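Residue-level listing of the chains:
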Amino acid sequence: MQLPIASNSQTVPPVVLTVAGSDSGGGAGIQADLRTFASYRVHGTVVVTAVTAQNTLGVERVDALSPESVSAQFHALVSDLKIQALKTGVLVNAPLVETVAKHLKTLNLSNIVVDPVMVSRAGAVFVDSATIAALKSSLIPQALILTPNRYEAQILADLEITNLATMKTAAQKILELGCQSVLVKGGAMTGELRGLDVWASWQQLEILQTELIETPHTHGSGCTLAAAITANLAWGETPLTAIQKAKDFVTQALKHSYPIGAGQGPLGHFYVGFPSS
Ligand SMILES: Nc1ncnc2c1ncn2[C@@H]1O[C@H](COP(=O)(O)OP(=O)(O)O)[C@@H](O)[C@H]1O
Ligand SMILES: Cc1ncc(COP(=O)(O)OP(=O)(O)O)c(N)n1
């Protein structure tokens, strides 16, 4: 990919956007997204949707930003910057989903990754049924890649996911919601399926597996994966390659995750690629 050159001979990196919530503990949400973007040498921009009081033990409080605030952030960005790829994260009520969906439509962008954050792997539920309905009708149909975890895929497919066959069936059922492809993530599966993901488009179905990392410090792995996919798309990769490279990145970052606090620590984004890794 040929990058533009600025007048000071500096190359200009692709601009990417995360539409997501803040995690005060720094493990997930926009904090994980921006660390991932920095690792990929893309310029990360942000539309904040919610502020969570959260640490390694769990989510204590969620304050949604107003649709007006979210709209103002979109306006400021798109009136000035050209976004090459974006991801969405936590959207905690239906008006916020509708607002974000409306702005995405006007962007006319194909590189849209929707992480339908509803239930964290630790079991925190972020959304009500009206929000899920809005996600299904307005946002998911705009996704090039949708990235539900096991529990989110169960909600979207209305199907219990217990094995590889039900992961595949869920992926195919979710495609009917109108996204171009879906990655059913297996971080919350058990046994040999833990860490195995299923990617489906209308033309293709792929099983993606890297090595399993035995660590309790996995907080923010879903956000990191979606942000890494977004960065890879911005660098011109196809959806499947973007996902494969992002999965390798998450595996390496999980290898370098670290214990801070009494609960699940974050991924070690900046240690990926170090000589000792
Ligand atoms: N212990 C692990 N070892 C390797 N990969 C993992 C592990 N846990 C999660 N992953 C991978 O991390 C990514 C995020 O998945 P998951 O944890 O299911 O999402 P979420 O964080 O949204 O609940 C997926 O690619 C999944 O396979
Ligand atoms: C503000 C905020 N956004 C998203 C999440 C969920 O993070 P995710 O990486 O999808 O899930 P876990 O791997 O941490 O379960 C969050 N906790 N906070």
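All values derive from a computational prediction rather than experimental measurement. The residue numbers shown here count from 1 along each chain, following its written sequence. For naming, the first written chain is A and the first written ligand is 1, with later ones following in the order written. Only residues with pLDDT of at least 70 are given local features in this predicted model, and only at 80 or more are side-chain atom pairs given and counted; all residues enter the totals for whole chains, interfaces and linings. Hydrogens and water are ignored here; the side-chain numbers use all heavy atoms of the structure.

(A) How the structure looks around the pairing of strand β3 (residues 58-64). Of the pairings in the sheet, the one linking strand β2 (residues 43-55) to β3 comprises 6 bridges and is antiparallel in character. Within β3, the residue paired with Thr 52 across the bridge is Val 62. Strands qualify as paired when DSSP identifies two bridges or more between them. Secondary structure counts use DSSP, requiring at least four H or I residues in a row for a helix and at least two E residues in a row for a strand, with both numbered from the N terminus.

(B) Just the side chain of Ser 181, in detail. Within the element layout of this structure, Ser 181 appears in strand β7 (residues 181-184). A distance of 2.8 Å separates a polar atom in the side chain of Ser 181 from the backbone oxygen of Leu 144. N or O atoms closer than or at 3.5 Å make up a polar contact, with two conditions inside protein: a donor-capable atom paired with an acceptor-capable one, and, for residues adjacent in sequence, both atoms drawn from side chains. Side-chain polar atoms of Ser 181 contact the side chain of Trp 199, separated by 3.1 Å. Whether two residues are in contact is decided by their heavy atoms, any of which lying within 4.5 Å being enough. Ignoring sequence-local partners within four residues, the contact set of Ser 181 consists of Ala 143, Leu 144, Ile 145, Leu 146, Leu 175, Trp 199, Ala 200 and Ser 201.

(C) Structural detail: the confidence of the model for the protein chain. Overall, the predicted model of the protein chain reaches an average pLDDT of 94, with 96% of residues at or above 70. Model confidence for the complex is summarised by a pTM of 0.96, with the ipTM given as 0.98. You can read pLDDT as the predictor saying how much it trusts each residue, on a scale of 0 to 100.

(D) Representation of the nonpolar core in the model. Here, nonpolar core refers to any group of buried Ala, Val, Leu, Ile, Met, Phe, Trp, Tyr and Cys residues whose side-chain atoms link them within 4.5 Å. Buried residues are those whose accessible area, probed at 1.4 Å on protein chains only, stays under 20% of the maximum for their type, while exposed residues exceed 50% and partly exposed ones sit between those limits. Of all hydrophobic cores here, the largest spans 50 residues; its most connected members are Leu 139, Leu 146 and Val 182. The element that contributes the greatest number of residues to this core is helix α3 (residues 94-107), accounting for 6 residues.

(E) Main features of helix α5 (residues 150-157). Taken together, the buried positions of α5 are occupied by Arg 150, Glu 152, Ala 153, Leu 156 and Ala 157. All buried residues of α5 fall inside an arc of 160° around its axis, so they share one side. Between the side-chain oxygen at the start of α5 and the backbone nitrogen of Tyr 151 there is a gap of 3.1 Å, and the oxygen is on Asn 149. Just past α5, the residue Asp 158 takes up positive phi, approximately 55°. Taking the helix axis as origin, the arc is that swept by the directions to the C-beta atoms.

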